[in-house]
Amino acid sequence: MSGPIFLFFSELVQGVDPGVIWVDSDHFNANPAEKKNVQPEPLAGLGGRLSGRRVVAVVPGTEVLLTRVRLPKTSRANIEKAVPFQLEEQIIGGVESVYFALGQRSLEDGWPVAVVSKQRMNRWLEDLSALGIRPEAMVSEVDLLPLEIGVWTLLEFFERFLVRTAVHAGFAVDAGNLELALESAARGGEHPTRSALRVVNGLTEPLRAMDGVEKLGLTVTIEGEHEDPYVFLARHYVASEAINLLQGRLSQRHHWLGVLRPFWSTVALLAVYLGWIVAQRVVEDQQLGRQIESMDQQIEAVYRQAFPDVRKVVDPKAQMKLFLNDKNNLNLKPSSVKSGFLDLYGLVGPEIQKATGVITERLRYQEGKLEIHVRCVDLQQLDQLKERLGNLAGLSVELLSAAQDDQGVVGHVRIGVGGK
């Protein structure tokens, strides 16, 4: 998985895009042994490398105040509401002019808070938005310094110094005020008391600006080989140890909610439409179920009318078919023909089915007579059908009517017991 691309905002860099340069973490992650060959580049050289990549924006530590508040134990949402009132006296210009971002709560030191000007934040986000960039995080460069518990870490960063005193704690200061800032931090209660100062990235120049550092009781150590400070900071970034300034309405989640908000009415209408379709389908299924139940009851009623002696009806269609098959296998004589519905239809049904193109449209049984409405191709076929039915032993066949239309001839035939 590819690492993030770091975008650094800095007004101290000359000759590149207005204060923005970038470092691709895949370069030094791929081969740490070649870290000296990794260099930051102007934003114009980024090209299409952002496709599918995460972006971390890094802003100057001089623009972000890292502080802490101590509040009674409560939910994070309540802490977010209380922080502005807690820090109101420390904010020049009023709490309405700044953003507050919370870090992870420490049981000993309370809630870490990052404070940054709204004007600055909006400008940084506008610059990135103009390039089509939406970072996953925006952090202070101070939070990128390597962290060692019990030790303050110092890095010379061009014309200023970055000092990290703990998780989510530290400050940035220009070279002329470094000693004063260290003294104030060592004697004040805002930063944890430490006895060691680690100067990283292999530079000794900071020592020249700290003539009175021994008076602060700090033991100075110098570590590492020098490399570009932007690459050095990018290499030591740990997301869990940095306060992401993009919180609340500036977070990625809030951003996507804003993107989707114009489509909410469309989604709501679509949901209503789909709900209406589902409800309509449910109603139709219920109606169809009632119709099927009614038809089953009618079928059973007809079956019981034809077979009054049957007590149990399980499957009227199958039971009737079985009875007709049994009737077809009988060698009936005139004296043995009965006038029941199934008796009559058991005789004429097979003959009608044998006639090509003849369709039974309607049946009616009443008082021992079976009336059949059949559709034939023409009058000749109807006459032939009447003749075949009349040749059946024990039956009388009468053609009551014949009507011709565009689809052929419809004949009304009455069949009863009697005749040959």
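Coordinates for the structure precede this section.
What counts, and at which threshold
- Residues numbered from 1 in each chain as written.
- Predicted model: local features only at pLDDT ≥ 70, side-chain atom pairs only at ≥ 80, totals over all residues.
- Heavy atoms only, no water.
- Pairing = 2+ DSSP bridges.
- Helix = DSSP H or I, 4+ residues; strand = E, 2+ residues; numbered from the N terminus.
- Axes fitted to C-alpha atoms, helices over the stretch in contact; angles between N-to-C directions.
- Contact = heavy atoms within 4.5 Å.
- Left-handed = near helix turned anticlockwise from the far one by under 90°.
- Nonpolar A, V, L, I, M, F, W, Y, C, P; charged D, E, K, R; others polar.
- Core = buried A, V, L, I, M, F, W, Y, C linked by side-chain atoms within 4.5 Å.
- Buried < 20%, exposed > 50% of the residue type's maximum accessible area, 1.4 Å probe, protein only.
- Salt bridge = Lys/Arg side-chain N within 4 Å of Asp/Glu carboxyl O.

### Focus on the sheet that holds strand E7 (residues 111-117)
Spatially, three strands are ordered E5-E7-E6 in an open sheet, and the strand pairing comes out antiparallel. Each edge of the open sheet carries a strand with a single partner, namely strand E5 (64-69) and strand E6 (98-102). If you compare each strand with its neighbour and ignore which way they point, the axes differ by 30° on average. Where E6 lies against E7, five bridges are found, and the strand directions are antiparallel. When the bridges of E7 are listed, valine 98 appears paired with serine 117. Sheet strands touched by helix H2 (residues 76-86): E5, E6 and E7. Its angle to E6, the strand with the most contacts, is close to 140°.

### Comments concerning the packing of helix H10 (residues 341-354) against helix H11 (residues 379-390)
Where H10 contacts H11, the two axes come as close as 10 Å, and the packing angle between them is 145°. Relative to H11, H10 is oriented so that their crossing is right-handed. Of the residues in H11, those touching H10 at Val348, Glu351 and Ile352 are Leu385, Arg388 and Leu389. Residues belonging to the contact of H10 with H11 are distributed by class as follows: four nonpolar, no polar and two charged.

### What to know about the sheet that holds strand E13 (residues 219-222)
As summarised here, the arrangement of the five strands in space is E11-E10-E9-E12-E13, forming an open sheet in which the pairing is mixed. Unpaired on one side and paired on the other, strand E11 (169-174) and E13 mark the two borders of the sheet. Strand-to-strand, the axes of this sheet are offset by a mean angle of 20°, without reference to chain direction. Here four bridges tie strand E12 (residues 196-199) to E13, and the two strands are oriented parallel to one another. Bridge pairing in E13 links valine 199 to isoleucine 222. In the packing of helix H4 (residues 178-187) onto the sheet, the strands contacted are strand E9 (152-157), strand E10 (160-166), E11 and E12, and the crossing angle to E11 comes to about 155°.

### Remarks on the pairing of strand E14 (residues 359-366)
Here E14 runs beside strand E15 (residues 369-376); their pairing, made up of seven bridges, is antiparallel. Of the residues in E15, the one forming a bridge with arginine 364 is glutamate 371. The antiparallel hairpin formed by E14 and E15 contains two residues in its connecting segment, where glutamate 367 sits at a positive phi of about 50°.

### Focus: the nonpolar core
In terms of nonpolar packing, the biggest core is built from 47 residues, with Phe8, Met121, Met138 and Leu233 touching the most fellow members. Leave out the neighbours within four places in its chain, and methionine 121 touches Tyr99, Val116, Met138, Leu245, Leu246 and Leu250. Formed by 22 residues, the second largest nonpolar core is a distinct cluster that contains Leu342, Ala355, Leu382 and Leu395.

### A few points about the pattern of salt bridges
According to the stated counting rule, one finds 15 salt bridges in the structure shown. Residues arginine 375 and aspartate 405 are paired through a salt bridge, measuring 3.0 Å at the closest nitrogen-oxygen approach. Of the two residues, arginine 375 sits in strand E15 while aspartate 405 sits in strand E16 (residues 395-405), which places them 30 residues apart along the sequence. Residues participating in the shared-partner salt-bridge network are Asp24, Asp26 and Arg53.

### Focus on the pairing of E9
For E9, the buried fraction is high: six of the six residues fall into the buried class. Every second residue of E9 is oriented toward a common face, with Trp152, Leu154 and Glu156 on one face and Thr153, Leu155 and Phe157 on the other, all of them buried. By the bridge criterion, three bridges tie E9 to E12 in an arrangement that is parallel. Looking at E12, one finds that threonine 153 is bridged to arginine 198. As paired strands, E9 and E10 are joined by five bridges and run antiparallel to one another. Across the sheet, leucine 154 pairs through a bridge with valine 163, a residue of E10. Two successive antiparallel strands, E9 and E10, enclose a turn made up of two residues, where phenylalanine 158 displays a positive phi of approximately 55°.

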